[in-house]
Every structure is written in C-alpha cells, then in structure tokens.
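Spelled out from the first residue to the last, the chains are:
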Amino acid sequence: RNSRWRKLGFAIVALLLASVVSILVIELAVRIFWPHRIRTPFALDDPRFLYRNEPGSAGHHTAPGEFAYSFTVNSFGFRGEEVAANPSPGVLRVLCVGDSFTWGTGVEDDETYPAHLARILSADLEGQEVEVINAGVMSWGVSQYYRWILEEGFALKPDVIVIAMFHDDWTQALLGLVNEGPDGTLVTEN
C-alpha cells in the first residue's frame, strides 16, 4: 500500500516539475522571439524617452468590445490640433502630461480631458484666450514625464503644467520598471 502512495506522490511531483519547466521554457521563448511592447502601434522609438507618439500620424484605434475611436497627432507628437512652438502673447497655455488617461484612450480628440479642460477654462476665463496641449503618451510613467518636461515641455513655455497620474504610474515607479541606465538613457526592467 505504501508503494502505491509513493508511486502516486512521485507521479504528482514529476507532473508539477514538468509543468513548471514547460512554463519557464515557454516564457523564455516568448521573451526572446516575441517580446511584449508596452506601447501603441503608432509610437516611435526614441532614445531619450524609450518611445513617443509618431508626429503627423492619424488613425483609428480599436479594442473589440471595449472602444473604437479616431485620433490625430500633430507635428509635435501631441494629440489633436497643431500648436505653435511659442504661445501667442496673452494666451494662457496649459500643458497636460500623462499616459493613456491624458491621451484619451477610447475617446475622440475632442472628448479627452485636455479638450474638456480647454472648453471649461475658456468659458470660466471670459476674454482670456486659452490653449491646452494634450502631451499624453500611452504607457508612459513618472520617469518619462519628468524627463520629457525637463527636455521638451518647458521649451513650450506653458503657464501651467498638469500631470495626470494613475495608480499604476506610482506602482511602476516604485518597482523601478523604467529607470535611468548608467549612460543616462531610460531603460525598462522586467
């Protein structure tokens, strides 16, 4: 009777061990041959920020059963209409930075929170011309926000910078998923 239980125990352990080894081999193969890109198909590689929105792109983004929307990206890589490098005199310029929440995944260009913010500020600040820039990039995190604001955001001469953060931004930052490498470039960690 003990022999039967031993054989059964050995078979269960062997099956569990074979399952774990199989999963590890599959995981390794996927990481090597089909690495996961944590960004949109309309993003370009960028050595300073890992990736960014492709300037001048436009299209339709769909996730069956979740959303379907059209988008435009201006020559700066910002979602929506074209903007000038410098604000016109007297214009209140607001720069919105963030990830997919700021970008507006699932909604049209004029339905993003930066677009709503522009309408609200224009109505509330009667007589004040307002320009709100949507600089959201899907899947960006704290490191990219910080670096982009320093290297490019301040050059746009915003009066106000709004950084929209979601709980996963803090999680990514605390786990160090995007870090500065030894050469000063941003690198991703698994």
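Parameters and conventions
- Residues numbered from 1 in each chain as written.
- Predicted model: local features only at pLDDT ≥ 70, side-chain atom pairs only at ≥ 80, totals over all residues.
- Heavy atoms only, no water.
- 1 Å grid on protein atoms, 1.4 Å probe; cavity = no way out; pocket = protein on both sides within 12 Å on 5 of 7 lines; lining within 4 Å.
- Points joined across faces, edges and corners; volume = space filled by probe spheres on them.
- Helix = DSSP H or I, 4+ residues; strand = E, 2+ residues; numbered from the N terminus.
- Nonpolar A, V, L, I, M, F, W, Y, C, P; charged D, E, K, R; others polar.
- Pairing = 2+ DSSP bridges.
- Expected span 1.5 Å × (residues − 1).
- Buried < 20%, exposed > 50% of the residue type's maximum accessible area, 1.4 Å probe, protein only.
- Arc of directions from axis to C-beta.
- Contact = heavy atoms within 4.5 Å.
- Polar contact = N/O pair within 3.5 Å; in protein donor to acceptor, adjacent residues only side chain to side chain.
- Salt bridge = Lys/Arg side-chain N within 4 Å of Asp/Glu carboxyl O.

(A) Local environment of the layout of surface pockets. Volume-wise, the second largest pocket comes out at about 390 Å³. Surrounding the second largest pocket, 19 residues form its lining, Arg 79, Gly 80, Glu 81, Ala 115 and Val 132 being those nearest its centre. Secondary structure elements with two or more residues in the lining of the second largest pocket: α3 (113-124) and β6 (130-134). Considering every element that reaches the lining of the second largest pocket, the biggest residue donor is β6, with 5 residues. Looking at the lining of the second largest pocket residue by residue, the classes come out as 8 nonpolar, 4 polar and 7 charged.

(B) Quick look at the pairing of strand β2 (residues 50-53). Sheet topology note: the strand β1 (residues 43-46)/β2 ladder contains 4 bridges and is antiparallel. Its bridge partner lying in β2, Asp 46 is registered against Leu 50. Where β1 hands over to β2, the hairpin turn is made up of 3 residues, counted between the paired strands.

(C) Quick look at α3. With 12 residues, α3 should cover 16 Å at 1.5 Å per step; its first-to-last C-alpha distance of 16 Å lies within 8% of that length. Among the residues making up α3, those that are buried are Pro 114, Ala 115 and Leu 121. Along the axis of α3, the buried residues cluster in a sector spanning 130 degrees; they form a single face. Those residues of α3 that are buried are in contact with β5 (92-97), α2 (100-103) and β6.

(D) Up close: the environment of Trp 140. Tracing the sequence through the fold places Trp 140 in the loop between β6 and α4 (142-153). Between the C-alpha atom of Trp 140 and that of Ser 100, which follows or precedes it by 40 residues, the distance is 8.0 Å. Residues in contact with Trp 140, not counting those within four places in the same chain, are Phe 49, Tyr 51, Arg 52, Gly 98, Asp 99, Tyr 145, Trp 148 and Asp 169. Separated by 2.9 Å, the side chain of Trp 140 and the backbone oxygen of Tyr 51 make a polar contact.

(E) Highlighting unusual backbone geometry. Non-glycine residue Leu 50 carries a positive phi angle of around 75 degrees. Positionally, Leu 50 belongs in strand β2. The phi angle at Lys 157 is positive, at roughly 55 degrees, despite the residue not being glycine. Mapping Lys 157 onto the fold places it in the loop between α4 and β7 (160-163).

(F) Quick peek at the pattern of salt bridges. In total, this model carries 8 salt bridges according to the counting rule given. The salt bridge partner of Glu 131 is Arg 93, with a shortest N-O separation of 2.7 Å. Residue Glu 131 is found in strand β6, and its partner Arg 93 is found in strand β5; the two are separated by 38 residues along the sequence. When salt bridges with common partners are traced through the structure, they connect Asp 46, Arg 48, Arg 52, Arg 147, Glu 151 and Glu 152 into a single cluster.

No statement about biological role is implied by the geometric values presented.
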